[in-house]
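# Coordinate inspection notes
Each chain is listed here by its residues.
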Amino acid sequence: MEIQALPAIRALIRTIWPAQCLVCSGAVDGDGGVCPACWPELPMISGLCCGFCGAPLPGAITGTESSENLACDDCLRNPPPWTAGRAALLYEGAARQLVLQFKHGDRPDLAAALAARLHHAMRPLVRRGPMLITPVPLHRMRFLRRRYNQSALLARALSQRLGWPWCPDLLLRRRATRLQDGLSREERRDNLHQALTLNPAQSARITGAPGGRILLIDDVMTSAPLCQRRAAACRTQARRRSSP
């Protein structure tokens, strides 16, 4: 009886609280949807993209072409210390509004929908097999003000979709940093100097990761130096633990 009643209960909930567009809160058919008016304003990344940071590239994918070995100008000039990367959306327009709601607007409920779009964007990486998922850490004072780490919510939602392991505290932020918005490349690099470190209590998770692979998750990739420091820290620790 309880199982048979579930569809009716769901229908009643939908009547009282209908599904809303992620961007404008208008009515949509299902959770995590975007209404027709907002859909053109959501700059999703599709087609050719940089295989290292996910930035869109000119051209179209043919039957024999892949983005995995392509690189944008920034990644060619400053090769990142990771093997592959993807992004789901350009940080502009409705996507920027959506991320800011998720990050600063007390909307942790957006994590599942954003994880679904990230999952779609990283399909080439998924084919390589499971990885240990870990988020960008927040400093404890910022965590207390915000009450949640949006990158950790995104990482957890992606872990649930993929069935991959995740570690919320593989990395720690040892000191508070300024917000990266509006800073130059040099200022971002200085801002992050010695800000991140591996959590000693979780260091064994690196060498125990499936295939030795780690998937680093952030809500916005505005700072290549941040991602480079995190990736370099994980690689250093992996080499130390695998050395005789």
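Located above this text is the structure these notes cover.
A brief look at the structure comes next. This structure is a prediction, so every number in the text was calculated from the model and none was measured. (Residues numbered from 1 in each chain as written. Predicted model: local features only at pLDDT ≥ 70, side-chain atom pairs only at ≥ 80, totals over all residues. Heavy atoms only, no water.)

### Focus: the overall build of the protein
Heads up, the rule is: Secondary structure elements follow DSSP: runs of H or I no shorter than four residues count as helices, runs of E no shorter than two count as strands, and numbering proceeds from the N terminus. Categorising residues by exposure relies on relative accessible area from a 1.4 Å probe, with only protein chains included: less than 20% of the type maximum marks a residue as buried, more than 50% marks it as exposed, and the intermediate range marks it as partly exposed. Residues count as neighbours in contact if any of their non-hydrogen atoms are within 4.5 Å of one another.
Across its full length, the protein carries 10 helices and four strands. Counting from the amino terminus, helix and strand elements in the protein follow one another as α-α-α-α-α-β-α-α-β-α-β-α-β-α. Looking at the 244 residues of the protein, the share that counts as buried comes to 41%. Put simply, 66% of the contacts in the protein that link residues at least 6 apart link residues at least 24 apart.

### What about helix H4 (residues 111-121)?
Residues lying three or four places apart along an α-helix face the same way, a consequence of the helix completing one turn every 3.6 residues. Summarising burial for H4: eight of the 11 residues are buried, a large majority. Taken residue by residue, H4 has Ala 111, Ala 113, Leu 114, Ala 115, Arg 117, Leu 118, His 119 and Ala 121 as its buried positions. Where H4 is buried, its residues touch helix H3 (93-104), helix H5 (123-126), helix H7 (150-162) and strand S4 (214-217).

### Side note on the nonpolar core
This is how the line gets drawn: Buried Ala, Val, Leu, Ile, Met, Phe, Trp, Tyr and Cys residues that are joined via side-chain atoms within 4.5 Å together make up what is termed a nonpolar core.
Formed by 37 residues in total, the largest nonpolar core has its most connected members in Leu 42, Met 122, Ile 133, Leu 158, Leu 215 and Ile 217. Residue assignment for this core shows that the elements contributing at least two residues are H3, H4, H7 and S4. In this structure, Ile 133 is in contact with Ala 155, Leu 158, Ser 159, Leu 162, Trp 164, Pro 165, Trp 166, Cys 167, Leu 215 and Ile 217, ignoring residues within four places of it in sequence. In terms of nonpolar packing, the next biggest core, distinct from the first, is built from seven residues, Cys 167, Leu 170, Leu 171 and Leu 198 among them.

### Some remarks on unusual backbone geometry
Even without glycine at this site, Asp 106 takes up a positive phi of about 55°. Tracing the backbone through its elements, the reader meets Asp 106 in the loop between H3 and H4. The class of Asp 106 is partly exposed, set by a relative accessible area of 42%. In this model, Arg 147 sits at a positive phi of 80°, which is unusual for a non-glycine residue. One can find Arg 147 in the loop between helix H6 (140-146) and H7. Looking at Arg 147, the relative accessible area reads 54%, which means it is exposed.

### Focus: the pattern of salt bridges
The following threshold applies: Take a side-chain nitrogen of Lys or Arg and a carboxyl oxygen of Asp or Glu: if they are within 4 Å of each other, that pair is a salt bridge.
Using the criterion set out here, one finds four salt bridges in the structure. Here Arg 77 and Asp 74 are joined by a salt bridge, their closest N and O atoms 2.5 Å apart. With Arg 77 and Asp 74 both in helix H2 (residues 73-77) and three residues apart, this pair spans about one turn of that helix. Classification of Arg 77 by relative accessible area gives exposed; the value is 56%. Owing to a relative accessible area of 39%, Asp 74 belongs among the partly exposed residues under this scheme. Linking Arg 107 and Asp 109 is a salt bridge whose minimum nitrogen-to-oxygen distance equals 2.8 Å. Residue Arg 107 is classed as partly exposed on the basis of its relative accessible area of 24%.

### Observations regarding H7
Note the cut-off: Here a helix's expected span is defined as the number of its residues, less one, multiplied by 1.5 Å. Any pair of nitrogen or oxygen atoms within 3.5 Å is treated as a polar contact; in protein, a donor-acceptor pairing is required on top of that, and neighbouring residues in sequence qualify only through side-chain atoms on both sides.
Its 13 residues give H7 an end-to-end C-alpha distance of 18 Å, which sits within 8% of 18 Å, the value for a rise of 1.5 Å per residue. Burial runs high along H7: 10 of the 13 residues are buried. Buried residues belonging to H7 abut H3, H4, H5, strand S1 (132-135), H6 and S4. For H7, the N-terminal cap is Asn 149; the gap from its side-chain oxygen to the backbone nitrogen of Ser 151 is 3.0 Å. Two residues or fewer past H7, Gly 163 is found with a positive phi of approximately 75°.

### Remarks on the pairing of S1
Remark: a regular strand shows side chains that alternate across the two faces of the sheet. Test applied: A pair of strands is treated as paired once DSSP finds two or more bridges between them.
By the alternation rule, side chains of S1 split into Leu 132 and Thr 134 and Ile 133 and Pro 135, which are all buried. As paired elements, S1 and S4 share four bridges and run parallel to each other. From the neighbouring strand, Thr 134 faces S4, where its bridge partner is Leu 216.

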